[in-house]
Each structure stands twice: as structure tokens, then as C-alpha cells.
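Residues per chain are reported as follows:
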Amino acid sequence: SQQGEEDPQALSIQEGENATMNCSYKTSINNLQWYRQNSGRGLVHLILIRSNEREKHSGRLRVTLDTSKKSSSLLITASRAADTASYFCAGRGDSSYKLIFGSGTRLLVRP
Amino acid sequence: EPEVTQTPSHQVTQMGQEVILRCVPTSNHLYFYWYRQILGQKVEFLVSFYNNEISEKSEIFDDQFSVERPDGSNFTLKIRSTKLEDSAMYFCASSLSGGITEAFFGQGTRLTVV
């Protein structure tokens, strides 16, 4: 299975702190995407990192990808209460168009 | 930011009834998808659609499911005879290219089968 698995499953931090979420996957990917989901809402695309990239930044987000370890991390710097949500990684395989989602990390940012 | 619109936001249906979930993908996107998320569980791939045909489908996408792009703008998911276990959030997504670009999701339709 290509499924991504995030850890931790849940993370609680104080506003202003950094939050790091990790994702591991099992088979080769073309790219890996991170999404945010507020409770009961839609999936918001955050960032895409390709298999030939090692690091990517977007605002307060930093994503890394290590294809040798089949892992990725999402760092949110200077967190805000509004960052409270579930975060999912999703890998797209080399020969497939579908995204395989991980189980997500529930992030709580305490004001 | 590309926009994907889904209607209705919530649908309640009786077991055995047919439902049609509707989506308007981003206008210049070429690849379309349906995913579902049972409450508290992972987002699961159902089907991908390109050039007016299914390009890939999962084991979940059995004969009870069908997709259609009837008019060049809408993309629909039909469940012919709903079961209790079909209750889930259904997400439509679209992407410009199949494998290498971002997939953007709609807000979802919460389907409740009673």
C-alpha cells in the first residue's frame, strides 16, 4: 500500500510555538501534498513537493521530503490559534493519478 | 486559488434510494476525482476521470457507483441504491494535470443514509 502515515496523531502546542508533523509512505511517489482540514470541512491544499525536491517553503510552512527514507515533514512556524485543524499528507504514485491519504495529525494550538 | 464547488452541502436519504452528488470543478482543469471520508477515518480515493472516461477506480467504487460529466462543467457521482455504510463526506477534486500538479478539493457533501 502507498498509504501515508502521520505522526503524531495529535499535537497540542501553545500559540507562537512551532508545530512539526511527520509523514511516512511505503511506495515510490511522484509528489507529496499536504492538506489542512478544519473540523467537518473541506480539504485545503497547502503545499506540493515533488520527488526531486528536498525542501519547500510557503509562508509559515516548510515541507521536507526524504525519498530515501520515504518520509516528509510539515513545519508550521509561529503557530496561531487559527492553525488548529487536522493535517494530512497525500502521496501521488508514479503510475497513478490518485492521492493516497494518511490518517492525519490533529493539531491544537492553544491561545 | 482554484475553486471546486459541491452541492448539496448535506443530503439525507433513505436506504435504497438513489442519490446524485454534484460538483463544478475548476474551469480549466482536466482531471476530476471523487473521494470519501467516513467520519473520523481517512480520506479514501473512489475514482478518477479524464477525457470523459474513468481512468482509475478503487475497490469501493463498485457497480452501485457511477460518474458522469454531462455538460462540460458539472461532474456528478451517482449512488444507485444507498446503503447505511455509504454515509460519509464525499469530496470532489480536480487538477490541471493528472500526476504532477496540485489537486484542489471542494467543501464536500455530507451524505447521511437512514
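This is a predicted model, so every value here is computed, not measured.

### Some remarks on the side chain of Thr 64 of chain A
Checked against the element boundaries, Thr 64 of chain A lands in strand β7 (residues 61–66). Apart from residues lying up to four places away in sequence, Thr 64 of chain A is in contact with Ile 49, Arg 54, Glu 55, Ser 71, Ser 72 and Ser 73 of chain A.

### Topic: the sheet that holds strand β7 (residues 65–68) of chain B
Residues and elements named next belong to chain B. Across the sheet, four strands lie side by side as β1-β3-β8-β7; this open sheet has antiparallel pairing. Bordering the open sheet on either side are β1 (5–7) and β7, each of which pairs with just one other strand. Taken over all neighbouring pairs, the strand axes of this sheet differ in orientation by 20 degrees on average, direction set aside. Bridging between β1 and strand β3 (residues 19–24) involves three bridges; their strand directions are antiparallel. Each residue of the ladder has a partner; that of Thr 7, found in β3, is Arg 22.

### Brief notes about the pairing of strand β11 (residues 109–113) of chain B
Residue and element names in this part refer to chain B. Burial of β11 is one-sided: the residues Thr 109, Leu 111 and Val 113 facing one way are buried, the residues Arg 110 and Thr 112 facing the other way are not. Here four bridges tie strand β2 (residues 10–13) to β11, and the two strands are oriented parallel to one another. Paired with Gln 11 across the two strands is Leu 111, which belongs to β11. The pairing of strand β9 (residues 88–95) with β11 spans three bridges and is antiparallel. Counted as the bridge partner of Met 89 is Arg 110 from β11.

### Notes on the environment of Lys 56 of chain A
All names here are of chain A. Tracing the backbone through its elements, the reader meets Lys 56 in strand β6 (residues 55–58). On the basis of relative accessibility, which here comes to 25%, the residue Lys 56 falls in the partly exposed class. Linking Lys 56 and Leu 32, residues 24 residues apart in sequence, is a C-alpha distance of 11 Å. A distance of 2.9 Å separates a polar side-chain atom of Lys 56 from the backbone oxygen of Leu 48.

### Structural notes on the packing of aromatic side chains
The geometry of an aromatic ring pair is captured by two quantities: the separation of the ring centres and the angle between the planes. This model, assessed by the stated rule, comprises 15 aromatic pairs over all chains. On the numbers, 5.9 Å between centres and 85 degrees between planes, the contact of Phe 101 of chain A with Phe 105 of chain B is edge-to-face. A residue pair is termed interchain when its members come from two chains, as with Phe 101 of chain A in strand β10 (residues 99–101) and Phe 105 of chain B in strand β10 (residues 103–105). Each member of the pair, Phe 101 of chain A as well as Phe 105 of chain B, carries the same accessibility label: buried. Members of the aromatic cluster, joined through ring pairs, are Tyr 35, Phe 88 and Phe 101 of chain A together with Tyr 33, Tyr 35, Phe 45, Phe 91 and Phe 105 of chain B.

### Quick look at the sheet that holds strand β3 (residues 19–24) of chain A
Residues and elements named next belong to chain A. The antiparallel open sheet is built from five strands, whose spatial order is β1-β3-β8-β7-β6. Taken across any chain shown, the strands that pair with only one partner, and hence form the sheet edges, are β1 (5–7) and β6. Strand-to-strand twist of the sheet, defined as the mean angle between neighbouring strand axes without regard to direction, takes the value 20 degrees. Taken together, the four bridges between β6 and β7 define a ladder with antiparallel strand orientation. Bridge pairing in β7 places Ser 58 opposite Leu 61.

### Some points on the state of the cysteines
Evaluated as defined, the whole model comprises two disulfides over all chains. Covalently, Cys 23 of chain A is tied to Cys 89 of chain A through a disulfide, its sulfur atoms 2.0 Å apart. Every disulfide takes its handedness from the sign of the S-S torsion; for Cys 23 of chain A and Cys 89 of chain A that torsion is 70 degrees, giving right-handed. Here the residue Cys 23 of chain A occupies a position in strand β3, and Cys 89 of chain A occupies one in strand β9 (residues 85–93), the gap between them amounting to 66 residues. Assigned by exposure class, Cys 23 of chain A and Cys 89 of chain A land together as buried. Covalent S-S linkage joins Cys 23 of chain B and Cys 92 of chain B, the inter-sulfur distance amounting to 2.0 Å. Across the S-S bond linking Cys 23 of chain B and Cys 92 of chain B, the dihedral sits near -65 degrees, which makes this disulfide left-handed. Taken as a pair, Cys 23 of chain B in strand β3 and Cys 92 of chain B in strand β9 lie far apart in primary sequence, 69 residues in all. No difference in accessibility class separates Cys 23 of chain B from Cys 92 of chain B, as the two residues are buried.

Reading guide: rules and limits
Residues numbered from 1 in each chain as written. Chains lettered and ligands numbered in written order. Predicted model: local features only at pLDDT ≥ 70, side-chain atom pairs only at ≥ 80, totals over all residues. Heavy atoms only, no water. Helix = DSSP H or I, 4+ residues; strand = E, 2+ residues; numbered from the N terminus. Contact = heavy atoms within 4.5 Å. Pairing = 2+ DSSP bridges. Axes fitted to C-alpha atoms, helices over the stretch in contact; angles between N-to-C directions. Buried < 20%, exposed > 50% of the residue type's maximum accessible area, 1.4 Å probe, protein only. Polar contact = N/O pair within 3.5 Å; in protein donor to acceptor, adjacent residues only side chain to side chain. Phe/Tyr/Trp six-rings, centres within 6.5 Å; stacked < 30°, edge-to-face > 60°. Disulfide = S-S within 2.5 Å.

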